[in-house]
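# Fold and geometry: a report
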Amino acid sequence: MKNFTKRCLAIVLIVCVLICTAGCKGDICSPHKDDNSNGVCDKCHQSVMEYVDFYNINDLHGKLDDGQNHIGVDELTTFLKAARQSDQNAVFLSSGDMWQGQAESNMTKGFIMTDWMNELDFTAMTLGNHEFDWGEEYVKQNSDLAEFPFLAINIYDRATNKIVDYCKPSVMIDAGAAQIGIIGAIGDCYSSIAVDKCDEVYFKVGNDLTALVLHEANSLRQKGADFIVYIIHDGHGRSSSGTAQQISSSQISSYYDTALSDGYVDLVFEGHTHQGYLLKDEYGVYHMQNRGDNKGGISHAEISINTVTGKTNVSVAELISTSHYQSLDDDPIVDQLLDKYSDQIEPANEILGTNSTRRNSGELQQLIAQLYFETGFKEWGDEYDIVLGGGFMSIRSPYYLPYGDVTYADLQSLFPFDNQLTLCSVKGSELKSKFISTSNDRYYIHYGDYGNSIKENIDPTKTYYIIVDTYTADYKYNNLKIVKRYDENIFARDLLANFIKSGGLS
Ligand SMILES: [Zn+2]
Ligand SMILES: [Zn+2]
């Protein structure tokens, strides 16, 4: 019996030596072993750690070039290229709303931004509501141009009831010996997309979205993902500064189900609300967003992965402010891209006329309401008694028109929206509550003579006619019915451009 035990021990010893010599060819062995979880192989003493740096941009809104109130991306490009040079595991991501907002991007329908992201070798981007501003066709064309995938697990095609063919739910990338899964989603912002241009799609949100992400995370884990990043075009409604703020599940429940942080999602980059924050949820998962329009900066996280034990850790989570990179040298890529697309962009730099004094946002919005009325009245006034023009009026950065020469590009920044003008019918009761006596301070109204004569005596049961754009017309709670549509290529900024050309502001 003793002899038998000895023999067994000897065999075990020989087998161990064989395994070790087979596994440890030269200095590095395979597979590594890290029983004490110190990041160093117990056998060959090599590091078994991988480090990955994520840089996320949200809501850049076409700010490629410098503008009146913001810097362009020429310095940011220098910063990101340097980050890539010093770290082969640098991953560039975007959580949406990259294209719409400034002339060079609007005039090229987002192509110039996609081209820039190609140049920087972005890994993935999720789509924002504004990516749909020019219709689905341009999203498809941009996806053809993009050398990286658009990730949106919850944008569905109404006809097929499947995810749209220009988006993927996720992507898996190698980072050295580790694998990273990235899942993308759009938020519950269907009501803020240009619905009239995109009724072929719908977004799965709420519990449906949670189920999709859970399922995708599971399948990525099964395929070997060590770490899962979630990029979503939605976010928290408040900015905060300084170190990470603890956040409860209920505070983010409008767009994120914290159940996802229980082993499915390890890090979240957000967008859409244009807030700057670094949050930590109840499971310790970070949520980050850095404002918008290249005003805040970018979000950065560094993670470590023990490729033997699978243990991961977010070692750095920080908001990098624009001041961190704005004094760097300009990268020439911005000028090269402006040059490449100059034929399309140039018309935006034509001087339309002069503006005699600084105009603030309210004055400009009221003027748009007036131009809506006058344009609609000229077109349909013979046929219809038109009460008013206007409706919900958004305006964008820089929110004012400075004194001096005005270009179409200036108006593109203020009014980037492509909403068509419409003549709508409306019940008297709705006309009164939603327009004449509206409590919404973003509604701007201009009355014609007829409107002025009857606005105090609206018959709640009668039908009236008003001029609004499709944004207001499509807002279902207004209960408007579109009767006529104006030229589909004329928007608020075009009416304002013509007004300025004819000397209206000089
Ligand atoms: Zn945005
Ligand atoms: Zn958005």
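Residues numbered from 1 in each chain as written. Chains lettered and ligands numbered in written order. Predicted model: local features only at pLDDT ≥ 70, side-chain atom pairs only at ≥ 80, totals over all residues.

## So, the overall build of the protein
- Looking only at helices and strands, the protein features 15 helices and 25 strands.
- Counting only C-alpha atoms, the protein reaches 115 × 50 × 40 Å along its principal axes.
- Counting across all 506 residues of the protein, residues that qualify as buried make up 46%.
- In the protein, the share of contacts with a sequence separation of at least 24, taken over all contacts with a separation of at least 6, comes to 77%. (Helix = DSSP H or I, 4+ residues; strand = E, 2+ residues; numbered from the N terminus. Buried ≥ 20, exposed ≤ 12 C-beta atoms within 10 Å, placed from the backbone. Contact = placed C-beta atoms within 7 Å.)

## Let's talk about the domain arrangement of the protein
- Its domain assignment divides the protein into domain 1 (49-343) and domain 2 (350-501).
- Here the C-alpha centre of domain 2 lies 34 Å away from the C-alpha centre of domain 1.
- Each partner contributes residues to the interface: domain 1 has 15 residues there, and domain 2 has 12 residues.
- By residue class, the composition of the side of domain 1 that touches domain 2 is 4 nonpolar, 8 polar and 3 charged. (Domains from an automatic or database assignment. Nonpolar A, V, L, I, M, F, W, Y, C, P; charged D, E, K, R; others polar.)

## Some thoughts on helix 4 (residues 111-119)
- The buried fraction of helix 4 is high, at 7 of 9 residues.
- Those residues of helix 4 hidden inside the fold are in contact with helix 3 (103-106), strand 3 (124-126), helix 5 (136-145) and helix 8 (333-340).
- Backbone geometry just after helix 4 places D121 at a positive phi near 60°.

## What to know about the sheet that holds strand 8 (residues 178-186)
- Across the sheet, which stays open at both edges, the 7 strands sit in the order 7-8-10-12-14-13-11 with mixed pairing between neighbours. Looking along the sheet, the strands with just one partner apiece sit at the ends: strand 7 (170-175) and strand 11 (245-246).
- In this sheet, strand 12 (residues 267-269) lies alongside strand 10 (residues 227-233) in parallel orientation, the contact comprising 3 bridges. Paired with V229 across the two strands is L267, which belongs to strand 12. (Pairing = 2+ DSSP bridges.)

## Some details on the sheet that holds strand 9 (residues 201-203)
- On the basis of which strands lie adjacent, the open sheet formed by 3 strands has the order 6-5-9 and antiparallel pairing. Two strands lie at the open edges of the sheet, namely strand 6 (162-163) and strand 9, each paired on one side alone.
- Relative to strand 9, strand 5 (residues 155-157) is paired through 3 bridges, and the arrangement is antiparallel. Following the sheet pairing, D157 is matched in strand 9 by V201.

## Considerations on the pairing of strand 22 (residues 421-427)
- The element strand 22 is largely enclosed, with a buried count of 5 among its 7 residues.
- Bridging between strand 22 and strand 25 (residues 481-485) involves 4 bridges; their strand directions are antiparallel. Within the sheet, the bridge partner assigned to S425 lies in strand 25 and is K481.

## A word on the environment of L414
- Looking at where L414 falls in the secondary structure, it is placed in helix 11 (residues 408-414).
- Considering only alpha carbons, one finds L414 and R493, 79 residues apart in sequence, at a separation of 8.1 Å.
- When sequence neighbours within four positions are dropped, the list of residues in contact with L414 reads L364, I395, R396 and L401.

## Considerations on the environment of T77
- Counting through the fold element by element, T77 comes out in helix 2 (residues 74-86).
- Along the chain, T77 and D330 lie 253 residues apart, while their C-alpha atoms are 7.7 Å from each other.
- Here T77 is in contact with L120, D331, I333 and V334, once residues within four sequence places are set aside.

## As for helix 10 (residues 361-380)
- With 20 residues, helix 10 should cover 28 Å at 1.5 Å per step; its first-to-last C-alpha distance of 28 Å lies within 8% of that length.
- For helix 10, the full list of buried residues reads L364, Q365, L367, I368, A369, L371, Y372, F373, T375 and G376. (Expected span 1.5 Å × (residues − 1).)

## So, the pairing of strand 8
- Burial analysis of strand 8 places 9 of its 9 residues in the buried class, which makes it a mostly covered element.
- Both faces of strand 8 are covered, namely the face carrying A178, I180, I182, G184 and I186 and the face carrying Q179, G181, I183 and A185.
- Judged from the 6 bridges that link them, strand 7 and strand 8 form a sheet pairing that is antiparallel. Counterpart to M172 in the pairing with strand 8 is G181.
- Linking strand 7 back to strand 8 in an antiparallel pair, the connection comprises 2 residues, with G176 at a positive phi of about 60°.

## Considerations on unusual backbone geometry
- Here the amide bond leading from S30 into P31 is cis, since omega sits at -5°, within 30 degrees of zero.
- The step from S397 to P398 runs through a cis peptide bond, and the omega angle for that step is 10°.
- Along the chain, P398 falls in the loop between strand 19 (386-392) and strand 20 (400-401).
- One non-glycine residue, H45, lies in positive phi territory at about 65°.
- A positive phi is found at D293, a non-glycine position, where the angle reads about 55°.
- As for its placement among the helices and strands, D293 is situated in the loop between strand 14 (286-290) and strand 15 (297-306).

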